[in-house]
Amino acid sequence: MIGPLKLFTLNSVISNCKRTIVYIDSLPVTRCSKRLHFNIKGCWRWMHGISCQGNDSSTEILHSKVRLPLYSQNKIYELKKIHQNVKRYIRTPTCITQTFSTSVTLQNDEEECSTQSSKIPGTNPEQGGPTLSECCSPQAAVCWWSASFSEGGVPEAEISAKFIVAHALGYKQLHELTSSRLAKPLTQAELDLINRLCTKRMQRIPVQYIVGDWDFHDLTLLVRPPVFIPRPETEMLVDIILGHYSEEEELHFLEIGCGCGAITLSLLFELPLAHVTAVDCSEEAVLLMLENAKRLGVQARLTVHCATVTSDLPECLKGKRDSFDAIISNPPYIATQDMQQLQPEIKLYEDFRALCGGADGMALIKDILWNSHLLLKTGGFIWLETDSRHPEAIKAWLDSNLGTGVEFLRTFQDYHYRPRFSQLRYGPC
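Residues numbered from 1 in each chain as written. Predicted model: local features only at pLDDT ≥ 70, side-chain atom pairs only at ≥ 80, totals over all residues. Heavy atoms only, no water.

Going by an unreviewed UniProt entry, the chain carries the name peptide chain release factor N(5)-glutamine methyltransferase and comes from Acanthaster planci. UniProt, in the comment section headed Catalytic activity (unreviewed entry), describes the chain in these words: "L-glutaminyl-[peptide chain release factor] + S-adenosyl-L-methionine = N(5)-methyl-L-glutaminyl-[peptide chain release factor] + S-adenosyl-L-homocysteine + H(+)". (UniProt positions renumbered as here; feature names shortened; annotations may be inferred.)

Quick look at the structure:
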């Protein structure tokens, strides 16, 4: 089989053709029984239409148009027939607008196909992916899906396949499997799960969302869409902050834009006397953070609010003058004009509010700096993760807004030696 199987379920079939030959990009496939089997190479171009040739006395042309709502897995196809419009809802496990090589089954009902149709190479009518005869072991499944991911333009193809196969078999990473387990034949249930999860990856769903949890700074955190996925670079921010405080200090931090809780929970886990107040505008993020906190047993030292921080503080933060030793934030810092350049994994699935920082990417950063005197103790710090262009922009903004009382102290570099993290201080030491 040359690519992953895609399954499209149609509520009805073309009723006026006794025998149908379907052409997609000039590749014919024969209809048998109640199912249509497509073996397609190259790009599926719905806008080019589907030509359905009937019997000798009847030929009909169907023109198809596709609307793809990004937020839904249910794609809407409108099949426009001569003198008749037929609208059908079709579940698709992959984005059909991308280029791929694959086999596809259009299924009308539960009736079995003829022997001839069932012999189409690589088809699995239940779901996308290889059959047991093609992928009998975990290593074979990794190789098959790595090739399919690469062909479909999915980044980090081999790494994605390894994580997903390991997760399907009950492990975190593939290297945890012994050589004998890697060679052990897969069961049908295991392969079905691998295929189902890998088909999601073909949709460019992030691996973290597919496996449901991710490691961050020695913690395993639950992750769910659309909550922002913690990045490896942010572990450096946690290390920088931990290097500035000791375990014996009683500290109260404020995190603005907490997401699933990666920064806050790491600090609470490492600093046993610390307390954190966390704020996020996403209810999904707040609930997920609380769930992670309970799993780690640090919820007693955590207060979480669902609120939006702007130039005007939300009610939950009013009256908190001199309350916090530090403000910590990995704010949305991508400029509006740069949003469309993001990979599909980011712009299609992660919360827009956790990514876009306005025209210059500094909207929330400026609000944090502007309100710091209403929140920080004198000498309190502000720790930020930002775009590498922002440290200089922050300095320039502070020079133009001397009334904030905030002083820029230093910048720290990330793994790629880019100025990523900033330390600022409110008031004199």
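S.K.: Describe the overall build of the chain, and please don't skip the residues or the numbers.
M.R.: Looking only at helices and strands, the chain features 12 helices and 18 strands. Relative to its full complement of 429 residues, the chain shows a buried share of 53%. About 20300 Å² of surface is accessible on the chain, with carbon and sulfur atoms providing 52% of the total. (Helix = DSSP H or I, 4+ residues; strand = E, 2+ residues; numbered from the N terminus. Buried < 20%, exposed > 50% of the residue type's maximum accessible area, 1.4 Å probe, protein only. Areas by Shrake-Rupley, 256 points an atom, 1.4 Å probe, with all protein chains shown as cover.)

S.K.: Give me the lowdown on the pairing of strand E14 (residues 302–306), citing residues and values where you can.
M.R.: Here strand E13 (residues 275–280) runs beside E14; their pairing, made up of five bridges, is parallel. Each residue of the ladder has a partner; that of Thr 277, found in E14, is Thr 303. In this region the chain leaves E13, passes through helix H9 (residues 283–296) and returns to the parallel neighbour E14; the handedness of that crossover is right-handed. (Pairing = 2+ DSSP bridges. Right-handed = clockwise from strand over helix to strand, strands pointing away.)

S.K.: Account for the pattern of salt bridges, with residues named and values stated.
M.R.: Pairing is possible between side chains of opposite charge, provided their charged atoms come close. Inspection of the entire model under this criterion finds 19 salt bridges. Glu 158 is paired through a salt bridge with Lys 162; the nearest N and O atoms lie 3.3 Å apart. Within this pair, Glu 158 and its partner Lys 162 are both found in helix H3 (residues 157–168), separated by four residues, close to a single helical turn. When its relative accessible area of 32% is taken as the criterion, Lys 162 is described as partly exposed. (Salt bridge = Lys/Arg side-chain N within 4 Å of Asp/Glu carboxyl O.)

S.K.: So what about the nonpolar core? Which residues, and what values?
M.R.: Core analysis: the largest hydrophobic core is formed by 42 residues, its most contacted members being Tyr 245, Phe 253, Leu 265, Leu 267, Leu 302, Ile 328 and Trp 383. A per-element tally of this core places helix H7 (residues 232–242) first, with six residues. Of all hydrophobic cores here, the second largest spans 28 residues; its members include Leu 174, Leu 191, Ile 194 and Leu 197. (Core = buried A, V, L, I, M, F, W, Y, C linked by side-chain atoms within 4.5 Å.)

S.K.: Can you break down the packing of H3 against helix H5 (residues 188–202) residue by residue, with the values?
M.R.: Angle between the axes and distance between the axes: these two values describe a pair of packed helices. Contact geometry for H3 and H5: axes closest at 9 Å, N-to-C directions at 145°. Crossing of H3 against H5: the hand is right-handed. Along its contact with H3, which presents Ser 160, Ile 164, Val 165, His 167 and Ala 168, the element H5 presents Leu 193, Ile 194, Leu 197, Cys 198 and Arg 201. Here the residues of the contact of H3 with H5 sort into seven nonpolar, two polar and one charged. (Axes fitted to C-alpha atoms, helices over the stretch in contact; angles between N-to-C directions. Left-handed = near helix turned anticlockwise from the far one by under 90°. Contact = heavy atoms within 4.5 Å. Nonpolar A, V, L, I, M, F, W, Y, C, P; charged D, E, K, R; others polar.)

S.K.: Give a detailed account of H9, specifying residues and quantitative values.
M.R.: Between its terminal C-alpha atoms H9 stretches 20 Å, which fits the 20 Å expected from 14 residues at 1.5 Å a residue. Among all positions of H9, only Ala 285, Val 286, Leu 288, Met 289, Asn 292 and Ala 293 are buried. Take H9 and look down its axis: the buried residues cluster within an arc of 165°, on one side only. Among the exposed residues of H9, those pointing more than 90 degrees away from its buried face are Glu 283 and Lys 294. (Expected span 1.5 Å × (residues − 1). Arc of directions from axis to C-beta.)

S.K.: Tell me about the packing of aromatic side chains, and name the residues and values.
M.R.: Taken as a whole and judged by the stated rule, the model has five aromatic pairs. Taking 5.6 Å as the distance between ring centres and 40° as the angle between the ring planes, the aromatic pair formed by Trp 145 and Phe 149 counts as tilted. Taken together, the positions of Trp 145 and Phe 149, both in helix H2 (residues 138–151) and four residues apart, correspond to about one turn of that helix. The pair Trp 145 / Phe 149 is uniform in exposure class, with both members buried. Both rings, one in Phe 163 and one in Trp 214, keep their centres 4.9 Å apart while their planes meet at 50°; by these two values the pair is tilted. Note that Phe 163 is positioned in helix H3 and Trp 214 in strand E10 (residues 213–216), a separation of 51 residues in sequence. Joined through ring pairs, the aromatic side chains of Trp 144, Trp 145 and Phe 149 make up one cluster. (Phe/Tyr/Trp six-rings, centres within 6.5 Å; stacked < 30°, edge-to-face > 60°.)

S.K.: Report on the sheet that holds strand E18 (residues 419–426), specifying residues and quantitative values.
M.R.: Taking strand neighbours across the sheet as the criterion, the seven strands line up as E14-E13-E12-E15-E16-E18-E17 in an open arrangement whose pairing is mixed. Since the sheet does not close on itself, it has two edges, and those belong to E14 and strand E17 (406–413), each with one partner. Taking each pair of neighbouring strands and ignoring which way they run, the sheet shows an average axis angle of 15°. As paired strands, E17 and E18 are joined by seven bridges and run antiparallel to one another. Counterpart to Thr 411 in the pairing with E18 is Ser 422. In the packing of helix H8 (residues 262–270) onto the sheet, the strands contacted are strand E12 (252–256), E13, E14 and strand E15 (324–329), and the crossing angle to E13 comes to about 175°. This element, helix H12 (residues 390–400), spans strand E16 (376–385), E17 and E18 of the sheet and lies at about 175° to E17.

S.K.: Give me the side chain of Glu 233: which residues, what numbers.
M.R.: Following the sequence through the fold, Glu 233 ends up in helix H7. Those residues in contact with Glu 233, other than ones at most four positions away along the chain, are Glu 385, Asp 414, Tyr 415, His 416 and Phe 421.

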